[in-house]
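Below, each chain spelled out in residue letters.
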Amino acid sequence: MNAPVRTHSQDKDKVSLPIEGMTCASCVGRVEAALKAVPGVASANVNLATEKAEITLSAPVARDVLADAVRGVGYDVPTGSIDLAIGGMTCASCVGRVEKALKAVPGVVTATVNLATERAHVTGGADLAALIEAVEKTGYEAKPIDRSGDEHAETAARKDAEEAALRRDLTLAAALTVPVFILEMGSHLIPGMHELIMNTIGMQANWYIQFGFTLLVLSIPGIRFYTHGFPMLLRGAPDMNSLVAVGTSAAFLYSVVATFAPSLLPAGTVNVYFEAAAVIVTLILLGRYLEARAKGRTSEAIKRLVGLQPKMARVRRDGQTTEVAVADVAPGDIIEVRPGERVPVDGAVIEGKSYIDESMITGEPIPVEKSKGAEVVGGTVNQTGALAFEATAVGADTMLAQIIRMVEEAQGSKLPIQAVVDKVTTWFVPAVMLVATATFIIWMIWGPEPALTFGLVNAVAVLIIACPCAMGLATPTSIMVGTGRGAEMGVLFRRGEALQLLKEAKVVALDKTGTLTEGKPALTDLDLAEGFERKDVLAKIAAVEVHSEHPIARAIVEAAKAEGLDLPKVTGFDSVTGFGVEAEVGGVRVEIGADRFMAKLGLDTALFTETANRLGDEGKTPLYAAIDGKLAAIVAVADPIKKTTPEAIEALHDLGLKVVMITGDNRRTAEAIARRLGIDEVVAEVLPDGKVDAVKRLKAKYGRLAFVGDGINDAPALAQADVGLAIGTGTDVAIEAADVVLMSGSLKGVPNAIAISQATIRNIKQNLFWAFAYNTALIPVAAGALYPAFGLLLSPIFAAGAMALSSVFVLGNALRLRRFKAPMQGDAAPKSTDVQQPRLAAAE
């Protein structure tokens, strides 16, 4: 997934096309004929085994034209996806231009660009080289993201280098700007400073010194704004760099003319603004540096996940135990793990017994017991004992790798709320330049003297303050931090848009078996008649039920084994159809069945009437046991409710949500469970397609709906819901159909997921309000709207400071999500060793 997909071979007149849906030689013939009929195709060779078409072109043909020809005869050309690292983006308008360029490449189906992650995700069948070329033509850099496993190290190294370069440039700019600021502003701020300058070096020499230092600031640390800004301006696609470049250049050039050719300026307008140009560059570099540091911290959840995987593994090979790099571990290798070490890859235990801390996967703090047959997950921590296990998944197939991939994809996605920002930012920078031009003209025509000076200063202030950085960072940074925090809590958002949709949910629909309950029948009740002992009765009942295949029988046997009981020998086993089972156990007759079986045997069950009524109210079916012709016990087997379920249901109600149970179980049992848990509505006795219909009805009745399930039969309903949440200990199919995966297997993850969703969307709205309100309010101020009434103008220096502050504020606000506390802390009981860990399907 996400590996670069090259659809063209190295030879420009050859194209390799994957084909899906072919089953026989006649399919091959139809596809070949369809391709050969396309103008510009010289030959087409289709291979059924490899499911590929090798096409030779006599003239250029777009890939999507070839794909359409294949689809026209009933077959499919699958689309791949490519992730690109994009360099040079500084604001939301950059994002819009890169997306537009990528979408224009033939074969692209979708293109999403993220400013915070500096990545583009492209789906379709476009050529990698064409995508890179399209990005570079817009003035940015692009390169494919390597999925070999070193990508995170490369990304971290690139960000560290960027941060170091900004720190170096900021330090130099500040050092060069301080003398300029003191020489110019000191005359206004420090008593006697003006006289000191005039009596020593003089005003002209003062301007020469300012010119020299400012020229160094603009041409060394500030050169980045001009090398990026002016080319983008000439392309007709100005960005933030263009605003800074035009604004500071105007201030600098005006000052140069005032210094070296003052006669060219109208009388009364000769003044210098070197300090404005130098301070603006320094402040914007400061903002960029703080932004780079904060952006690095937004992805710390990913860094921590990556850091969980050990670099080395202890592997048994050729009778020896040797340390090898984790990358060299192969499926089937036997790996040893000592106490305190991290499990290197996923596998199944073959030797030893221990407890493993799986909190990095599930969010649950209690260690899980592992013994022979149990599955272990790479990155988890072995605690007490030594284990040996067989590797079952390595590299990109491990659960940790798949979790990282899910989080990355969620972080890179766009929410519906982002659409407003995208529409605004496409025209924002050009509009700002028009406003700045209009500001200059208005001041020149109607402003007081010196009108030229007023016009220049206010136009520069408009250009500098209007940078849309904060707009571009408002949504993606919150998504990055929110989804990363969710992953640390055991809540994986497989699709970023689920963040917004989950927050809007009005009703939560829950599957019963495996979601509300343990999903495994267990002995829940064993009440005895006088004169009988529990262990003796349970051993005798279990000894008979060993010979039955009924799930209730298996649950009774499991209970006896769990209590360490030795089962006596059984003879004469017989199943009495419609009544129950009977056998000789240790020379004593044992009969087990419903109340009608006891009545047939002539035994009165009135002793257990109260217990039987209670069990019926709880949705349990009671069984009776007779030993040696006497009524001995009443037994009930049920799928027990998870210990965390009642508290989770209460938390969902506290969030103002309706809770509905959808189950294929009988209505009496379902309604009994609903009464115990306070569930608002029950939909019972439904098949899988009935669950889908129920979801549709509930959506029509209540609005946005979240469905929680764990089984194969839940997959259609998970897909139909606005947001599907899969219990992580469920099946691959359910997980693949879901938008959110709850790794703990506990229903507590549902209110936690909703809470992090609400917190993230609230954070995004705060950021967007700040970004839009800031620009809406301050652009008119910078243009001089307050001058006629109050005599107030906004200095370009303060404009630069405010612009830098806006981005830092948005990033700082997003980083608050790192401190988000889950409303329901994990406190699940230890799990048994036979609970199978899920194998997460990769988010294709």
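Definitions and limits used
- Residues numbered from 1 in each chain as written.
- Predicted model: local features only at pLDDT ≥ 70, side-chain atom pairs only at ≥ 80, totals over all residues.
- Heavy atoms only, no water.
- Helix = DSSP H or I, 4+ residues; strand = E, 2+ residues; numbered from the N terminus.
- Buried < 20%, exposed > 50% of the residue type's maximum accessible area, 1.4 Å probe, protein only.
- Contact = heavy atoms within 4.5 Å.
- Areas by Shrake-Rupley, 256 points an atom, 1.4 Å probe, with all protein chains shown as cover.
- Pairing = 2+ DSSP bridges.
- Axes fitted to C-alpha atoms, helices over the stretch in contact; angles between N-to-C directions.
- Parallel < 35°, antiparallel > 145°, perpendicular 65-115°, else oblique.
- Nonpolar A, V, L, I, M, F, W, Y, C, P; charged D, E, K, R; others polar.
- UniProt positions renumbered as here; feature names shortened; annotations may be inferred.
- Core = buried A, V, L, I, M, F, W, Y, C linked by side-chain atoms within 4.5 Å.

Engineer: How would you summarise the overall build of the protein chain if you had to cite specific residues and measurements?
Structural biologist: Counting secondary structure elements, the protein chain contains 30 helices and 29 strands. Going through the 844 residues of the protein chain one by one, you find that 54% of them count as buried. Here the analysis covers contacts within the protein chain between residues at least 6 apart in sequence; of these, 69% occur between residues at least 24 apart. When the accessible surface of the protein chain is totalled, it reaches about 35300 Å², and 58% of it is carbon and sulfur.

Engineer: Go over the pairing of strand 21 (residues 580-585), please, and point to the residues and values.
Structural biologist: Most of strand 21 sits inside the fold, with 5 of its 6 residues counted as buried. Of the pairings in the sheet, the one linking strand 20 (residues 570-576) to strand 21 comprises 5 bridges and is antiparallel in character. Opposite valine 570, over in strand 21, you have valine 585 as the bridge partner. If you look at the hairpin formed by strand 20 and strand 21, you'll find 3 residues sitting between the two strands, and glycine 578 has a positive phi there, around 80°. The pairing of strand 21 with strand 22 (residues 588-593) spans 6 bridges and is antiparallel. By the bridge assignment, valine 585 is partnered in strand 22 with valine 588.

Engineer: Give a detailed account of the packing of helix 23 (residues 645-654) against helix 28 (residues 749-783), specifying residues and quantitative values.
Structural biologist: At a minimum axis distance of 8 Å, the contact between helix 23 and helix 28 shows a crossing angle of 30°. With respect to each other, helix 23 and helix 28 are oriented roughly parallel. On the side of helix 23, the interface is formed by Ala648, Ala651 and Leu652, while helix 28 contributes Val750, Pro751 and Ile754. Looking at the contact of helix 23 with helix 28 residue by residue, the class counts come to 6 nonpolar, no polar and no charged.

Engineer: Can you lay out the sheet that holds strand 15 (residues 381-382) for me, pointing to particular residues and giving the numbers?
Structural biologist: As summarised here, the arrangement of the 3 strands in space is 13-12-15, forming an open sheet in which the pairing is antiparallel. At either margin of the open sheet sits one strand with a lone partner, and together these are strand 13 (368-370) and strand 15.

Engineer: Talk me through the UniProt feature "transmembrane region" (unreviewed entry) in the protein chain; I want residue IDs and the actual numbers.
Structural biologist: The UniProt record annotates "transmembrane region" (unreviewed entry) at residues 170-187, 207-227, 239-260, 272-290, 424-446, 452-475, 768-787 and 793-815. Spanning residues 207-227, this segment combines 86% helix with 0% strand, and its end C-alpha atoms are found 26 Å apart. End-to-end, the C-alpha atoms of residues 272-290 are 30 Å apart, and along that stretch the chain is 89% helix and 0% strand.

Engineer: Describe the nonpolar core, listing the residues and the values that go with them.
Structural biologist: Counting 140 residues, the largest nonpolar core has Leu84, Ile86, Met89, Leu102, Leu131 and Leu725 as its most contacted members. Considering each element in turn, this core owes the most residues, 14 residues, to helix 28. Once you skip the residues sitting within four places of it in the chain, leucine 131 turns out to touch Ile82, Leu84, Leu102, Val105, Val108, Val122 and Ala126.

Engineer: Which residues make up the environment of lysine 512, and what are the values?
Structural biologist: As for its placement among the helices and strands, lysine 512 is situated in helix 18 (residues 512-516). Judged by its relative accessible area of 3%, lysine 512 falls in the buried class. Sequence separation between lysine 512 and alanine 684 is 172 residues, and the spatial gap between their C-alpha atoms is 9.7 Å. Setting aside its immediate chain neighbours within four residues, lysine 512 contacts Thr517, Met661, Ile662, Thr663, Asp665 and Ile673.

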